[in-house]
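A look at the structure
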Amino acid sequence: MRHTAFARMEHESGMIFLHSGFRTASTWVWSQFRANTGTLSYYEVFNERLAGLTLQTALALNGRIWHSKHPPVKNYFEEFVPLIQNGQGIFLYQKNMASNWFIPQGGMGGTLRQEEFLYCQLLVKYAEQTGKVPVLSATRSLGRIPALSRALPGTHVLIYRNLFKQWCSFTEQGEIGNTYFLKTIVGQLQAESAPEEFAAILAEFPPALASPRDENLFVCFALLHLYLYSRARPACDLVMDIAAMAADPACTTALEQQFLTRHGVSVDLSGATDGMMFCQIDPATHDRLHRLIDERGRALVNSAETAQGRAFGLEVLETFLTTYAAYTREALTTA
């Protein structure tokens, strides 16, 4: 087996890799693949809990023990149980994979770290050895999708949700005391090998708190994701737009057919929903923040290398701004 920086799996894999950010309906998507017993569907393959996972925690962690709004799955990490080494921790997984290594060495166009390659390859090969289609999901992979797609052949899927609605879900979690998702924004911007644009975002908009009321954190969230999406999209074979899936049965049917054709995997995606929570950013600041995000976001998107990436990034930006404006108008009307 090759262990160079340019390593790539030596055979074509039937792997499906589900990439997303947090609070994007990614757990629901993963659960739909997991329902097919012909797959081995790993949950959040870069989750920091994997570093200390035990049999007991693997079988206990699920969406009922916190305010997750996740589908009623029995547990998250059962598929990892055979890979627990010496009673604790997943073989080849390193905790740096969760956040510190969010960006590959050399930036988003760089090379996957050898440790990440060997770990993901292990997950794929173990599933194949059991005679099942490997399905890897990750909410911490947006910064390394191009590197992952080069190193690990298969179908790479981008799960995308309206950025403003995603922020509102972060807000809901923050308002009930769970600031985990809000903290990941700065964590990803400060990842090792982060592009210079990330440091510039933090320098111009330094968040004071991991709070859903922090205007700078709101701006950082939007700009971070616009950068990521505009660079990640060209490396993805398929896009799951949660809003489109919830509104148009033809969209879900087309996606289902893709997985059936590519992998022989039958998956039911017909139950997608796209609800709206609430935003705690002061409506009076809308015009100023709208202009800032439009200007800075458009510059970040337009500096992406590919036309496909720029087009997708602009679509994400315009959808975000339109939804943000509509929400603010309604908030001011009902205030």
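Please refer to the structure higher up on the page.
Residues numbered from 1 in each chain as written. Predicted model: local features only at pLDDT ≥ 70, side-chain atom pairs only at ≥ 80, totals over all residues. Heavy atoms only, no water.

Looking at unusual backbone geometry
Using the following cut-off: By definition, any uninterrupted DSSP run of H or I lasting at least four residues is a helix, any uninterrupted run of E lasting at least two residues is a strand, and each is numbered from the N terminus. Partly exposed describes any residue whose relative accessible area lies between the buried limit of under 20% and the exposed limit of over 50%, with all areas from a 1.4 Å probe on protein chains only and scaled to the type maximum.
A positive phi angle is found at Arg 23, which is not glycine, with a value near 60°. Look at Ser 193: it is not a glycine, yet its phi comes out positive at around 65°. Note that Ser 193 resides in the loop between α6 (180–189) and α7 (196–204). Overall, Ser 193 belongs to the partly exposed group, its relative accessible area being 33%.

Focus: the sheet that holds strand β5 (residues 238–241)
Adjacent strands of a sheet form backbone hydrogen bonds with each other and so pair up, either parallel or antiparallel. Definition in use: When DSSP finds two or more bridges between two strands, those strands count as paired. Lines are fitted to the C-alpha atoms to define the axes, a helix being fitted only along its stretch in contact, and any angle between axes, read from their N-to-C directions, falls within 0 to 180 degrees. Only heavy atoms matter for contacts: two residues are in contact if any of them lie within 4.5 Å across the pair.
In spatial order, the strands read β2-β3-β1-β4-β5; together these five strands make up an open sheet with parallel pairing. Whereas interior strands pair on both sides, the edge strands pair on one side only; in this sheet they are β2 (39–42) and β5. The mean inter-strand angle of the sheet, taken between neighbouring strand axes irrespective of direction, is 20°. Together, β2 and β3 (133–138) form the strand contacts of helix α3 (residues 114–129), whose direction differs from that of β3 by roughly 145°.

So, the side chain of Thr 171
Within the secondary structure, Thr 171 sits in helix α5 (residues 163–175). Apart from residues lying up to four places away in sequence, Thr 171 is in contact with Pro 212, Phe 278, Cys 279 and Gln 280.

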